Amino acid sequence: MADFFPKAELTGAGRPILLPGEFECSLVAAVDLESQDEPPTFSPLKTGILTLTTHRLLWLPSGAATASASAVFIPLAAISHVFAPKKSIKSMFASPRIRFQVSTSVLNPGSSSRTVVVTVVVRGKGDWEGFYGKLWENWRGRAWENETGSSASESGSSTVNSAGGLYGSDGSVRMVGVAGILRKEQQMWESTDKSLQEAFQDLHALMSKAKEMVMLAEKMRQKLLSASNSQTSTASDEEMGSKEEMQDWLLSVGIASPVTKESAGAMYHQQLSRQLADFVRTPLERAGGMINLIDIYCLFNRARGTELISPEDLLLSCSLWEKFDVPIMLRKFDSGVMVVQNKSHSDEEVFARIKTFITRPDALRTGITASDAAMTLGIAPAMAKEHLLSAESKGRRLNTFSLE
């Protein structure tokens, strides 16, 4: 059955599009999906990347050309049982396998109700045991049901009466001497433990609310973008400016599910490269198709929150774009300045605009500065300076200009 599993939606860079409230947890590479039934219920899926989220298992083929057409997913809600890994002498020399049972009525609503055993064959060197543990935790956690955990019940420890005497307020005999000191120490530790538990509960609640705010901000930004595209002809300049300012603010709230070394493992830089390619599209549009790599580093780290990346990780991720079919590229000018730009960006168009600008009478009389070129091209002065230098190095007649 070619369409046994539902199709998964991907971004332009080949990253899975997550559902509201869904977050990535782990990832393993070089994974096959096979059917344990005879005859097989579905055709085997060979050599892909298996991503575990709080809601689904997503299988993406390794080839970039077929990723969007062949990507599938399995809802964790469709899994009725997760089998324990088999441990034997034979399993020590074979590829690790993870087996689970899937209900077809949940996987494909409307189909006949039966169960299918799916086998995950891990042929790579990923941490399959850690992946299995997180699969079990997420399946048991059932995050897709949006159940909020109830706060822990308070322990009913008795308190000691502050007044003197051998009897407490409830008539029981008070503990005195060494036993009383030990009892008092135990009560103090119990109180400290309770306070720590409440503090961590508040921290988890705060983190959960922060994720909800990021998702809400992303929804609002998408609505503003769609409204801007449909009302560009009727909206005033002031309204458009307010919407753009609001979009910038919402964009800075953050990335809902940033790629981490813990979740991506050996595929960290590849997945980080794809997520970065999706992220930089909006800043590139606002910067005229080209933006300094340092600015990208600041924007991306601000959006990732506490999951910061190093400059080396950023540079390596940008260099991997050559292997992926993404519409952006890393460019290095002769001066050594590195920028990120759209592949559709044309230097000839920029040179033509510079030529038109410098042939004006006032420019011929006083010359131009990098700031003047930046205002004309709608880009940062540092980028305008690089364009002026590039035009000069290519033999363009720029008359007299200043780079101050």
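As annotated in an unreviewed UniProt entry, the protein chain carries the name Vacuolar protein-sorting-associated protein 36 and is attributed to Tripterygium wilfordii. Quoted verbatim from the Subunit (unreviewed entry) field of the UniProt record, the comment on the protein chain reads "Component of the endosomal sorting complex required for transport II (ESCRT-II)." The record in UniProt for the protein chain states the following under Function (unreviewed entry): "Component of the ESCRT-II complex (endosomal sorting complex required for transport II), which is required for multivesicular body (MVB) formation and sorting of endosomal cargo proteins into MVBs."

### Some thoughts on the packing of helix H13 (residues 370-377) against helix H14 (residues 381-393)
Axis separation between H13 and H14 bottoms out at 8 Å; the angle between their running directions is 100°. With respect to each other, H13 and H14 are oriented roughly perpendicular. Contacts from Ala370, Ala373, Ala374 and Leu377 of H13 reach H14 at Pro381, Ala384, Lys385, His387 and Leu388. Here the residues of the contact of H13 with H14 sort into 7 nonpolar, 1 polar and 1 charged.

### Some points on the side chain of threonine 51
Among the structural elements, threonine 51 can be located in strand E2 (residues 45-53). Threonine 51 gets classed as buried once you look at its relative accessible area, which sits at 3%. Not counting residues up to four positions away in its chain, the partners in contact with threonine 51 are Glu24, Ser26, Leu27, Arg56, Leu57 and Leu58.

### Quick notes on the side chain of arginine 304
Relative to the helices and strands, arginine 304 resides in helix H9 (residues 293-304). Buried charge without a partner: arginine 304 forms no salt bridge, and the closest opposite charge is glutamate 307, 5.0 Å away. Within the structure, arginine 304 has its side chain in polar contact with the backbone oxygen of glutamate 307 (distance 2.5 Å). Residues in contact with arginine 304, not counting those within four places in the same chain, are Ile255, Pro258, Val259, Thr260, Tyr268, Leu272, Gln275 and Ile309.

### With respect to the sheet that holds strand E8 (residues 290-292)
A sheet is described by the order of its strands in space; here 3 strands give the open sequence E8-E10-E9, paired in antiparallel fashion. Whereas interior strands pair on both sides, the edge strands pair on one side only; in this sheet they are E8 and strand E9 (328-332). Neighbour-to-neighbour, the strand axes of the sheet open up by a mean angle of 25°, direction not taken into account. Sheet topology places E8 next to strand E10 (residues 338-342); 3 bridges connect them, and they run antiparallel.

### Things to note about the pattern of salt bridges
Summed over the entire model, instances satisfying the criterion amount to 9 salt bridges. In this structure, the salt-bridge partner of glutamate 34 is arginine 123, at a minimum N-O distance of 3.6 Å. One end of the pair, glutamate 34, is in strand E1 (residues 24-35); the other, arginine 123, is in the loop between strand E7 (115-122) and helix H3 (128-141), with 89 residues separating them in the sequence.

What counts and what doesn't
- Residues numbered from 1 in each chain as written.
- Predicted model: local features only at pLDDT ≥ 70, side-chain atom pairs only at ≥ 80, totals over all residues.
- Heavy atoms only, no water.
- UniProt positions renumbered as here; feature names shortened; annotations may be inferred.
- Axes fitted to C-alpha atoms, helices over the stretch in contact; angles between N-to-C directions.
- Helix = DSSP H or I, 4+ residues; strand = E, 2+ residues; numbered from the N terminus.
- Parallel < 35°, antiparallel > 145°, perpendicular 65-115°, else oblique.
- Contact = heavy atoms within 4.5 Å.
- Nonpolar A, V, L, I, M, F, W, Y, C, P; charged D, E, K, R; others polar.
- Buried < 20%, exposed > 50% of the residue type's maximum accessible area, 1.4 Å probe, protein only.
- Lys, Arg positive; Asp, Glu negative; His and termini not counted.
- Salt bridge = Lys/Arg side-chain N within 4 Å of Asp/Glu carboxyl O.
- Polar contact = N/O pair within 3.5 Å; in protein donor to acceptor, adjacent residues only side chain to side chain.
- Pairing = 2+ DSSP bridges.

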